[in-house]
Amino acid sequence: GWCPLSPTGAQTTQLLVEPPWRPAVLWDRVTLTCQGSGTAGATTWYKDGWRWGQEKHDNFIVTESGTYTCDRPGTGLSPPVRVLNDWLVLQVPARHLLKGNTVTLRCRR
């Protein structure tokens, strides 16, 4: 399922990642979805801090490693999502984690 990278119910722009693990890895066929209030299709995407070419789409499949954020009118800029192209990565679930939670780690290669 889809997992927000910021607390549920917050009145902010959220960047959802599928599959729901972080850091995301390019070879997992990662889909990013931008959610926030305002007009659908009014999303502005940024890659590595620069305005990026997936204008007006609310979701897309990532084809390049980098750090992605999105901006939606009314709720602003999302937290960043890193997508790596590393050959070995240790992942945690892409959900809000609290101190004391039990976490399953995943080693991928």
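Scoring rules and cut-offs
- Residues numbered from 1 in each chain as written.
- Predicted model: local features only at pLDDT ≥ 70, side-chain atom pairs only at ≥ 80, totals over all residues.
- Heavy atoms only, no water.
- Helix = DSSP H or I, 4+ residues; strand = E, 2+ residues; numbered from the N terminus.
- Disulfide = S-S within 2.5 Å.
- Buried < 20%, exposed > 50% of the residue type's maximum accessible area, 1.4 Å probe, protein only.

**Some remarks on unusual backbone geometry**
Next, step 1: Following Glu18, the chain continues into Pro19 via a peptide bond in cis, with omega recorded as 0 degrees.
Next, step 2: Structurally, Pro19 can be placed in the loop between strand S2 (14–18) and strand S3 (21–22).
Next, step 3: In this structure, Pro23 follows Arg22 across a cis peptide bond, with omega equal to -5 degrees.
Next, step 4: Looking at the element boundaries, Pro23 is found in the loop between S3 and strand S4 (24–25).

**Some words on the state of the cysteines**
Here is the idea: a disulfide is a covalent bond, and it sits between the sulfur atoms of two cysteines.
Next, step 1: Evaluated as defined, the whole model comprises 1 disulfide.
Next, step 2: With a sulfur-sulfur separation of 2.0 Å, Cys34 is cross-linked through a disulfide to Cys70. A torsion of 85 degrees about the S-S bond marks the disulfide between Cys34 and Cys70 as right-handed. Taken together, the positions of Cys34 in strand S5 (residues 31–35) and Cys70 in strand S9 (residues 66–72) put the pair 36 residues apart, joining distant regions of the chain. Each of the two residues, Cys34 as well as Cys70, counts as buried.

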